[in-house]
Amino acid sequence: MSSPATTTPASPILGPSVTPRTIDSFLRAVPSVDEVGVAERAGALATRSVKRESKLAALHLAIRMCDLTTLEGRDTPGKVIQLASKAIRPDPTDPDIPSVAALCVYPNMVPYAVEALAGAGAGTANGTATGSGVAVASVATYFPSGQAPLDIKTGEVAWAVAAGATEIDMVINRGAFLSGDHLRVHDEIVAVKEACGPAHLKVILETGELSTFDNVRRASMLAMAAGADFIKTSTGKVKPAATLPVTLVMLEAIRDFHAASGTAVGMKPAGGISTAKVAIRYLVLLAETLGSDWLTPDRFRFGASSLLNDLLMQIRWLRENRYQSPDYFTRD
Amino acid sequence: MSTPDTTTPDKPATTTPEIVPTGLDYVASIESTDPVNIDPSYDLWIDGAPTEPATNRYFPTINPATEEPLSRVAEAGPKDVDRAVAAARKAYEGAWGRMPANERAKYLYRIARMLQERSREFAVLETLDGGKPIRESRDIDLPLAAAHFFYCAGWADKLDFAFPGLDTSPVGVVGQVIPWNFPMLMIAWKVAPALATGNTVVLKPAETTPLSALAFARLTAEAGLPPGTLNIVTGDGTTGAEVVDHPGVDKVAFTGSTAVGKQIQRNLAGTGKRLTLELGGKAPHIIFDDAPLDQAIEGIINGIFFNQGHVCCAGSRLLVQESVFDNLMDRLRLRLTHLRVGDPLDKNTDVGAINSRAQLDRITDLVDIGVAEGADMYQPPCALPERGFWFAPTLFTGVSQSHRIAQEEIFGPVLSIMTFRTPAEAVEKANNTPYGLSAGVWTSKGSRILWMADRLAAGVVWANTYNKFDPASPFGGFQESGFGREGGRHGLLPYLGGH
């Protein structure tokens, strides 16, 4: 049985000596969160009216922000190859429709995703290794529970990166967080970040298990201090997954972290976002909390599987002023 | 901050719209004015029908966002007020006064349902005539107005249970004068309890916002309310004084400025008339260092910029614990840049038009005084429309208790910010005002909320929220903010015990 690293390396945020005490005082400075107030603010922003040109722009942006995801025990190379095709050209009849940001799969499926997304081009747009410009993201660290020894988790991460994943979605150790062992949570993220090498790290908080907004805000700060490139709400395997209020709390943490450190961390709500209408509400929340600097796939992603087709359907509606049958959109 | 383009209608485009590559700059999303029919001219509403004024005078009412006239409205003189009071007396002694309480309730329920059914029409009318954002009239004013009628309807036949041992008979003819900041909601606050308890009403709406009252009068006629039960006399302060001073009026309810409230109280001394006053305020909004800061920011924004700050309970004096002042101000200034000021009919507008030229002048004067007194002013970058009455959201820091902007009610989107060091100092500064309508406290400590609420001289104390209203919750002031309560069982009491 392995234990977390006994000495924590110096942190640019937490200082040269990271101890339970420094982490504790760092987290104590995080403002508390009033649950009623968060729900109210998120509810008020959900009434924003995004129409016409603004809606079309938002829908296009949402497609470019999609991490098209399949995370099932029954996933096969065939399924992943089909999804890769969808990721590159979501709507084959409309060349204006952009590719999604990434294809998100289990480590076993990474080699197939990399091959399918290799494409003809030699470019590495968005810093991705694939020619198509669509990145390969892999969940790792014994997703979704994370209940494995650290060296096995980092081993899984290193394997996925070696297989060609350029983005890693890890889960935090919720048990350690809830028991108050924040140092352990921190050190595991640091270790995983190291194992990632050049790959981008998205840290999943699994907010449905953290339960309170105070926990979510502290876990967000902890993950960012430990080196997360993105923070992400959920695995999609626990209810509730992403909600507007929990996303607002995390966006506010990102804003505070950026103000304190100058580091811009990205946000990824995942799980349960299946309609264009809801996706646009997330973009409104993003724009009115972090501003237009964050309205880019480099800083915001949707973790979703069924959202993409609704985005396509709504774009078609805006263009043609009538709804198309769902049969006109591919189900992959 | 954006100034919406108001030229494009709110419909899906039939041709392919051009893609806007950056940001989420909402294109104009204008609420349709189709459900609203505004007559070119309105008479008084007396004895269940439009009635030409004996004065034969009419005054214009305008849209403060465009300065364009909406309609002309009759100006009631003494003879007209006489007729209105006589009609109310007749109804009190007749159909309405004799009606069993459970029958009265049916009318109120019907009015409540009709307000809900026609809420979009009334919301647009409120926004056109008063300048408030459609988001607020749609989501707050109208739902709350209907809720007040539902709430009071429920009490109508249960008054003996609500007030055991008290005389629950009505007072008689009630004269009511309401302000321009929440025209429809103030009608509900005044008319619903008066009618539920069996009184009849002569109501004087504000000079700048008479249209919703006149539309409401027509709604009550459709609901079959017996003629004379509700009478509307429009006009300026002179008409209001005639209603208040009329010898046929048994009880006066006034919402408005403290200066006018004092005048009314002087005039009514010795007449035997009952009086309730809901007057001004300069509410302290107190932020402790352990507050949930981002939600407190929302509370502060809602407290002072809700309805352009035209709110008697607006949290216009922000008291911030020194240790968290810089942190909070950074958040507040950033949050202000996301406020959307502009066309009140745009569904994405957060701050609409100032209600009138006179009010804009008063705000401008007091802000100039604030600058002259040495306070530091901050306004976010903000393009205001050229026509209409507008004032940018404004913060003042470096404010002292002795500054006029810390003492006087500005009734606009202007926040005066001060600091304190200890809870006792917060209470001392908060209570250091002639007013006492409302207060807000933000802290994560439940015990401190209770400690503060015990000591704050305010009719309403909101904890970790602000500007929350509910028909079941009484609202009213201490000191120069008035007396009597509206809402809750307490709100029925002033209309009871006539005999």
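Conventions we followed
- Residues numbered from 1 in each chain as written.
- Chains lettered and ligands numbered in written order.
- Predicted model: local features only at pLDDT ≥ 70, side-chain atom pairs only at ≥ 80, totals over all residues.
- Helix = DSSP H or I, 4+ residues; strand = E, 2+ residues; numbered from the N terminus.
- Rg over C-alpha atoms; globule rule 2.2 N^0.38 Å.
- Buried ≥ 20, exposed ≤ 12 C-beta atoms within 10 Å, placed from the backbone.
- Contact = placed C-beta atoms within 7 Å.
- Nonpolar A, V, L, I, M, F, W, Y, C, P; charged D, E, K, R; others polar.
- Axes fitted to C-alpha atoms, helices over the stretch in contact; angles between N-to-C directions.
- Parallel < 35°, antiparallel > 145°, perpendicular 65-115°, else oblique.
- Left-handed = near helix turned anticlockwise from the far one by under 90°.
- Core = buried A, V, L, I, M, F, W, Y, C linked by C-beta atoms within 7 Å.
- Pairing = 2+ DSSP bridges.
- Domains from an automatic or database assignment.

Novice: In this structure, what is going on with the overall build of chain B? I would like to understand it.
Specialist: Helices and strands together make up the secondary structure of chain B, namely 16 helices and 18 strands. Taking 499 residues into account, the globule formula puts the C-alpha radius of gyration at 23 Å, and chain B, at 23 Å, falls close to it. Along the first, second and third principal axes, the C-alpha atoms of chain B reach 65 × 60 × 40 Å. Split into buried and exposed, the 499 residues of chain B put 56% on the buried side. If you take every contact in chain B between residues at least 6 apart in sequence, the share linking residues at least 24 apart comes to 72%.

Novice: Any chance you could explain unusual backbone geometry here in plain terms?
Specialist: Cis geometry is found at the peptide bond from Phe 143 of chain A to Pro 144 of chain A, where omega equals 0°. Tracing the backbone through its elements, the reader meets Pro 144 of chain A in the loop between β3 (135-139) and α6 (150-162). Despite not being glycine, Ser 211 of chain A has its phi angle at roughly 75°, a positive value. Note on placement: Ser 211 of chain A falls in the loop between α9 (207-210) and α10 (213-225). At Phe 411 of chain B, a position not held by glycine, the phi torsion is positive, near 60°.

Novice: I would appreciate a short explanation of the interface of chain B and chain A in the present structure.
Specialist: Where the parts come together, the accessible area they lose is often given as the size of the interface. Facing the 31 residues of chain B at the interface are 30 residues of chain A. Top contributing element to the side of chain B that touches chain A by residue count: helix α11 (residues 293-305) of chain B, with 5 residues. Residue classes in the side of chain B that touches chain A are distributed as 11 nonpolar, 12 polar and 8 charged.

Novice: Teacher, can you tell me more about the packing of helix α3 (residues 52-64) of chain A against helix α13 (residues 307-320) of chain A here?
Specialist: Any two packed helices are characterised by how steeply their axes cross, that is the angle between the axes, and by the distance between the axes. Residue and element names in this part refer to chain A. Taken N-terminus to C-terminus, the directions of α3 and α13 make an angle of 155°; their axes are 10 Å apart at the nearest point. If you check the angle between α3 and α13, you find them roughly antiparallel. Relative to α13, α3 is oriented so that their crossing is left-handed. Note on element contacts: α13 touches α3 through Leu 308, Leu 311, Gln 314, Ile 315 and Leu 318, opposite Lys 55, Leu 56, Leu 59, Ala 62 and Ile 63. In the contact of α3 with α13, the residues fall into 8 nonpolar, 1 polar and 1 charged.

Novice: How do you make sense of the nonpolar core when you look at a structure like this?
Specialist: Nonpolar side chains tend toward joint burial in soluble globular proteins. Ranked by internal contacts, the top residues of the largest apolar core, which has 203 residues, are Ala 62, Cys 66, Leu 103, Ala 113, Ala 223 and Leu 283 of chain A together with Leu 108 of chain B. Discounting chain neighbours no more than four positions away, the residues touching Ala 62 of chain A are Ala 276, Ala 279, Leu 283, Phe 302 and Leu 311 of chain A. Listed in part, the 63 residues of the second largest apolar core include Ile 286, Val 351, Ala 426 and Val 441 of chain B.

Novice: Whenever I open this one, the pairing of strand β14 (residues 394-397) of chain B confuses me. Can you help?
Specialist: Two faces, one strand: in a regular strand the side chains alternate between the faces of the sheet. Residue and element names in this part refer to chain B. Bridge count between strand β13 (residues 376-378) and β14: 3 bridges; the pairing is antiparallel. Its bridge partner lying in β14, Met 377 is registered against Phe 396. Pairing analysis gives 3 bridges linking β14 to strand β15 (residues 414-420), with the strands arranged parallel. Pairing of Thr 394 across the sheet is with Val 414, part of β15.

Novice: Looking at this structure, how should I read the domain arrangement of chain B?
Specialist: Residue and element names in this part refer to chain B. In terms of domains, chain B is made up of domain 1 (41-279 + 479-495) and domain 2 (284-463). In this structure, domain 1 and domain 2 have C-alpha centres spaced 30 Å apart. Taken together, the contact between domain 1 and domain 2 spans 19 residues of the former and 25 residues of the latter. Mapped onto the side of domain 1 that touches domain 2, the elements with two or more residues apiece are α4 (119-130) and α5 (134-155). Ranked by residues supplied to the side of domain 1 that touches domain 2, first place goes to α5 with 3 residues.

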